[in-house]
Amino acid sequence: MGPPHVQEVPAVTTTPQAVRRASPRTRRKATPAADPSAGLLPRTEPVRLLNPDGTPLPARDDYPEPPLDALREMYRRMVVGRRFDVQATALTKQGRLAVYPSSRGQEACQVGGVLALHDTDWVFPTYRESMALTARGIDPVEVLTLLRGDWHCGYDPAARHTAPQCTPLATQCVHAAGLAYGESYQGRDTVALAFIGDGATSEGDFHEGVNFAAVFKAPVVFFVQNNKYAISVPLSRQTAAPSLAYKGVGYGVPSEQVDGNDPMAVLAVLTRAAEHARSGQGPFLVEAHTYRMEPHTNADDQTRYRDAEEVEAWRDRDPIARLETYLRARDVLDDAAVAAIADEAEAYAAALRDRMNAQPAVDPLSLFDHVYAEPTPQLVEQREQVRAELAAARDEEGDA
């Protein structure tokens, strides 16, 4: 018996005309491809909860208003922090500090970054975060020890959960990512916050740190304080991106931009960013639009790259005055409370001034401590040479 007869079915061809003639019921709508940037891109305008004059904007669900007691504490720390900053700047003119990078004008970022964290979380500061460190409760003399030039770091980083202030640009990003990943790997509830300047986002370590944190879902908040200048280089010469917050999307990191002179918004956005990282969702990048009112450091001539009118325009966006107006309207602050906080700030500055006027006792041999875990023969030889020179100097003083 032969094989059954199989009727050959002609091939069906579909032409554009046939598709157009097809009934709407028979057409299939193409499923749009998912947007890979969904949930990653920041808002096109910085988050703001207070107008520059301190009046509140309409409440929003994505960033609810922080508790009033937290905002009052933020105000107190900003006032004390500014007075500390002014005093530290004066100490450079008196020769008590070798250099000091002021953060005046950035008080909302400095204090908000600290208040958004738990005490067990880690802070990775740049050289400009002295105010943030004092807001974290670190002794101001210990904070200024590095800038005074008499020790590597004045405080115990492990005890304070605060890394040494970082002078090389962006290297703290890699440190923050590594520590956060290690803490997460060991099952600890730890978030790391890396303070970053706008200029540091042009450095390779920034990109490596963000990429590593994204791949391994390290709980890091990368907090960029965009104060418009990398020393004297304006932002327009640093990036062509719509904002620095857009740098997160390339690494799969959700980002947000915030008005960095709005204390309420800064605290709300950073609190949410820390919660995102702590919940196991990986890193978060926040860009704060702010401005430093003083030169880059006491050695900088800011008149060479920005005019007085630009600086003056930012005085109307003062974060302290902005929050004070709001808290007065909510009956959280009155004249007596404002005066008491101002007196506290004055006493803080006076105590710092008195303690910094005392000449520190410095041991020249300490230069050789902590260079290597095990001193090399060359280091031992150099230390002995210095020891001999010191002994000879003492002998000469005794003979005189």
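The shown structure was predicted, so the numbers you read here are calculated from the model rather than taken from an experiment. (Residues numbered from 1 in each chain as written. Predicted model: local features only at pLDDT ≥ 70, side-chain atom pairs only at ≥ 80, totals over all residues. Heavy atoms only, no water.)

Visitor: Residues and numbers for the overall build of the chain, please.
Guide: A count of helices and strands for the chain gives 13 helices and seven strands. Here the C-alpha atoms of the chain give a radius of gyration of 28 Å, more than 25% beyond the 21 Å that 2.2 N^0.38 yields for 400 residues. Each principal axis of the C-alpha atoms in the chain carries an extent, and together these give about 130 × 65 × 45 Å. Counting the 400 residues in the chain, one finds 44% classified as buried. Pairs at least 24 residues apart make up 75% of the contacts formed inside the chain by residues separated by at least 6 positions. Looking at the chain as shown, the accessible area adds up to about 20900 Å², and 53% of this sits on carbon and sulfur atoms. (Helix = DSSP H or I, 4+ residues; strand = E, 2+ residues; numbered from the N terminus. Rg over C-alpha atoms; globule rule 2.2 N^0.38 Å. Buried < 20%, exposed > 50% of the residue type's maximum accessible area, 1.4 Å probe, protein only. Contact = heavy atoms within 4.5 Å. Areas by Shrake-Rupley, 256 points an atom, 1.4 Å probe, with all protein chains shown as cover.)

Visitor: Talk me through the sheet that holds strand β1 (residues 122-124); I want residue IDs and the actual numbers.
Guide: Strands pair in a sheet through their backbones, by hydrogen bonds, and they do so in one of two ways: parallel or antiparallel. Taken in spatial order, the five strands of this open sheet run β1-β2-β3-β7-β6, and their pairing is parallel. Since the sheet does not close on itself, it has two edges, and those belong to β1 and β6 (255-259), each with one partner. Strand-to-strand, the axes of this sheet are offset by a mean angle of 20 degrees, without reference to chain direction. Inspection of the sheet shows β6 paired to strand β7 (residues 284-289) by five bridges, in the parallel sense. Following the sheet pairing, Gln257 is matched in β7 by Glu287. Packed onto the sheet, helix α3 (residues 107-115) meets β2 (192-197), β3 (220-226) and β7 and runs at close to 165 degrees relative to β2. Helix α8 (residues 204-215) contacts β2, β3 and β7 of the sheet and is inclined by roughly 150 degrees relative to β3. (Pairing = 2+ DSSP bridges. Axes fitted to C-alpha atoms, helices over the stretch in contact; angles between N-to-C directions.)

Visitor: Which residues make up the nonpolar core, and what values go with them?
Guide: With 46 residues, the main nonpolar core has Tyr75, Phe223, Val258, Val286 and Leu323 as its most contacted residues. The biggest single contributor to this core is helix α9 (residues 263-281), with nine residues. Those residues in contact with Val258 that lie beyond four places of it in its chain are Pro46, Val47, Ala265, Val266, Val269, Val286, Glu287, Ala288 and His289. Of all hydrophobic cores here, the second largest spans 24 residues; its members include Ala192, Ile196, Phe206 and Leu244. (Core = buried A, V, L, I, M, F, W, Y, C linked by side-chain atoms within 4.5 Å.)

Visitor: Explain the environment of Glu129 to me, and be specific about the residues and the numbers.
Guide: Its location among the elements puts Glu129 in the loop between β1 and α4 (130-135). Classification of Glu129 by relative accessible area gives buried; the value is 1%. Along the chain, Glu129 and Pro101 lie 28 residues apart, while their C-alpha atoms are 8.5 Å from each other. With near-sequence residues (within four places) excluded, Glu129 lies in contact with Gln110, Gln165, Phe195 and Gln225. Polar side-chain contacts of Glu129 include one of 2.4 Å to the side chain of Thr126. (Polar contact = N/O pair within 3.5 Å; in protein donor to acceptor, adjacent residues only side chain to side chain.)

Visitor: Just give me the short version of the pairing of β6, but keep the residues and values in it.
Guide: Of all five residues in β6, five are buried, a share of seventy percent or more. Residue alternation in β6 divides its side chains into two sets, Ser255, Gln257 and Asp259 and Glu256 and Val258, and both sets are buried. The parallel pair β6 and β7, bridged by α9, forms a crossover whose chirality is right-handed. (Right-handed = clockwise from strand over helix to strand, strands pointing away.)

Visitor: Which residues make up unusual backbone geometry, and what values do they have?
Guide: Even without a glycine there, the phi angle at His161 is positive, about 50 degrees. Taking the relative accessible area as the measure of exposure, His161 reaches 21% and is therefore partly exposed. At Lys228, a position not held by glycine, the phi torsion is positive, near 80 degrees.

Visitor: Could you give me a rundown of the packing of helix α7 (residues 171-185) against α8, with the residues and numbers involved?
Guide: Angle between the axes and distance between the axes are the two parameters that describe a pair of packed helices. Here α7 crosses α8 at 15 degrees, and the two axes come no closer than 7 Å. The angle between the axes of α7 and α8 places the two elements in the roughly parallel class. Where α7 crosses over α8, the two elements pack in a sense that is left-handed. Touching Thr171, Cys173, Val174, Ala177 and Tyr181 of α7 are Asp205, Phe206, Gly209, Phe212 and Ala213, all from α8. Of the residues belonging to the contact of α7 with α8, the class tally is seven nonpolar, two polar and one charged. (Parallel < 35°, antiparallel > 145°, perpendicular 65-115°, else oblique. Left-handed = near helix turned anticlockwise from the far one by under 90°. Nonpolar A, V, L, I, M, F, W, Y, C, P; charged D, E, K, R; others polar.)

Visitor: Residues and numbers for the pattern of salt bridges, please.
Guide: According to the stated counting rule, one finds 21 salt bridges in the structure shown. When the shortest N-O distance is used, the salt bridge between Asp259 and Arg48 registers 2.9 Å. Of this pair, Asp259 sits in strand β6 while Arg48 sits in the loop between α1 (16-21) and α2 (68-93), and the two are 211 residues apart along the sequence. You can call Arg48 partly exposed: its relative accessible area is 36%. The salt bridge partner of Arg322 is Asp259, with a shortest N-O separation of 2.9 Å. One end of the pair, Arg322, is in helix α11 (residues 319-329); the other, Asp259, is in strand β6, with 63 residues separating them in the sequence. Grouping residues by exposure puts Arg322 and Asp259 together as buried. One salt-bridge network, in which partners are shared between bridges, spans Arg43, Arg60, Asp62 and Glu256. (Salt bridge = Lys/Arg side-chain N within 4 Å of Asp/Glu carboxyl O.)

Visitor: Tell me about the packing of aromatic side chains, residues and numbers included.
Guide: Enumeration according to the criterion identifies nine aromatic pairs in this entry. Aromatic side chains Tyr181 and Phe216 sit 5.2 Å apart centroid to centroid with 55 degrees between the ring planes, which places their arrangement in the tilted category. Taken as a pair, Tyr181 in helix α7 and Phe216 in the loop between α8 and β3 lie far apart in primary sequence, 35 residues in all. On the basis of an interplanar angle of 5 degrees and a centroid distance of 5.0 Å, the ring pair of Tyr291 and Trp314 is categorised as stacked. Pair noted here: Tyr291 is in the loop between β7 and α10 (308-315) and Trp314 is in helix α10, with a separation of 23 residues, a long-range link. Here a set of aromatic residues connected by ring pairs shows up, and it is made of Tyr181, Tyr185, Phe212 and Phe216. Seen from the ring of Trp314, Arg317 lies directly overhead, with NZ or CZ sitting 4.1 Å from the centre. (Phe/Tyr/Trp six-rings, centres within 6.5 Å; stacked < 30°, edge-to-face > 60°. Lys NZ or Arg CZ within 6 Å of the ring centre and 35° of its normal.)

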